[in-house]
Amino acid sequence: MLCEDIEKLAQDLSGKLEGKRGILTLTVTVTERKGFLRKDRLEYVACFRIDDSAKVLHFSEMLKERGSGIASGKDVQGFGVTKEVTRVTPGPRSGTIEEQSNLFGAKYEYRFDYGAIRKAFADIAERHGFRFEYHTGFGSV
């Protein structure tokens, strides 16, 4: 079954698979940085919907950085606790994590192949007789 293969892919990627109102999301932690009372995490999120009647797998993706902990700097007087989520423009991603992380203004030393995940979804869809459709607007599946 299509869903079983996607669940196996999520397990292989050590990702978290969730569903809400017919839309499924796969979240994979790419890397984490920990500092003094601060933690930042870069995540890859794939959003998809399976249309059984039309035999189509609708797919979208994005990178997301989450940070929490104590912040300081010119925008914060003294020290404070902050939690933030930064999103980038959705769309097909390829290349190394270093290239993508420049959009966040941070340096990460890990590599992550977004294209391989997208291709795995397309291959799973094709194997089960479904058409794979990529959508550039995240969540517009």
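Quick summary incoming for the structure in this document.

What counts as what
Residues numbered from 1 in each chain as written. Predicted model: local features only at pLDDT ≥ 70, side-chain atom pairs only at ≥ 80, totals over all residues. Heavy atoms only, no water. Helix = DSSP H or I, 4+ residues; strand = E, 2+ residues; numbered from the N terminus. Buried < 20%, exposed > 50% of the residue type's maximum accessible area, 1.4 Å probe, protein only. Polar contact = N/O pair within 3.5 Å; in protein donor to acceptor, adjacent residues only side chain to side chain. Contact = heavy atoms within 4.5 Å. Patch = residues over 30% accessible without salt bridge, like charges linked within 9 Å, V, L, I, M, F, W, Y side chains within 5 Å. Areas by Shrake-Rupley, 256 points an atom, 1.4 Å probe, with all protein chains shown as cover. Salt bridge = Lys/Arg side-chain N within 4 Å of Asp/Glu carboxyl O. Phe/Tyr/Trp six-rings, centres within 6.5 Å; stacked < 30°, edge-to-face > 60°. Arc of directions from axis to C-beta. Expected span 1.5 Å × (residues − 1).

1. Quick word on the side chain of H58
In step 1: Structurally, H58 is set in strand 4 (residues 56-73).
In step 2: Of the residues examined, H58 reaches a relative accessible area of 10% and is grouped as buried.
In step 3: Of note is the side chain of H58, whose polar atom sits 3.5 Å from the side chain of E133.
In step 4: Side chain to side chain, H58 and H135 meet in a polar contact 2.8 Å long.
In step 5: Apart from the residues lying within four places of it in its own chain, the contact partners of H58 are C47, F48, R49, D51, E133, H135 and V141.

2. Comments concerning a nonpolar patch on the surface
In step 1: Together, F36, L37 and I70 make up a nonpolar patch on the protein surface, roughly 350 Å² of accessible area in all.
In step 2: Tracing the sequence through the fold places L37 in the loop between strand 2 (23-35) and strand 3 (38-51).
In step 3: Judged by its relative accessible area of 49%, L37 falls in the partly exposed class.

3. As for the packing of aromatic side chains
In step 1: Under the criterion given, the structure shown has five aromatic pairs.
In step 2: A ring pair is formed by F48 and F121, whose centres lie 4.9 Å apart and whose planes are at 55°; its orientation type is tilted. In this pair, F48 is assigned in strand 3 and F121 in helix 3 (residues 114-127), connecting sequence segments 73 residues apart.
In step 3: Judged by its relative accessible area of 0%, F48 is buried.

4. Observations concerning the pattern of salt bridges
Note that side chains of opposite charge can pair when their charged atoms are close.
In step 1: Counted under the stated rule, the structure contains 10 salt bridges.
In step 2: In this structure, the salt-bridge partner of R127 is D5, at a minimum N-O distance of 3.3 Å. One end of the pair, R127, is in helix 3; the other, D5, is in helix 1 (residues 2-12), and 122 residues separate them in sequence.
In step 3: You can call R127 exposed: its relative accessible area is 56%.
In step 4: In this structure D5 comes out as partly exposed when scored by relative accessible area, which is 24%.
In step 5: One salt-bridge network, in which partners are shared between bridges, spans E32, K39, R41, E43 and R66.

5. Topic: helix 1
In step 1: Every buried residue of helix 1 is listed here: L2, I6, L9 and A10. On an axial view of helix 1, the arc spanned by its buried residues comes to 100°, and they lie on one face. Of the exposed residues in helix 1, the ones pointing more than 90 degrees away from its buried face are E4, Q11 and D12.
In step 2: The inward-facing, buried residues of helix 1 contact strand 1 (16-20), strand 2, strand 3 and helix 3.
In step 3: Backbone geometry just downstream of helix 1 places S14 in the positive-phi region, at approximately 55°.

6. Regarding helix 3
In step 1: Counted at 1.5 Å a residue, the expected span for helix 3 with its 14 residues is 20 Å, and the 20 Å between its end C-alpha atoms agrees.
In step 2: Those residues of helix 3 not exposed but buried are Y114, I117, R118, A120, F121, A122, I124 and A125.
In step 3: Put simply, D113 is the residue that caps the front of helix 3, since its side-chain oxygen is 3.3 Å from the backbone nitrogen of G115.
In step 4: Looking one or two places after helix 3, you find G129, whose phi comes out positive at around 80°.

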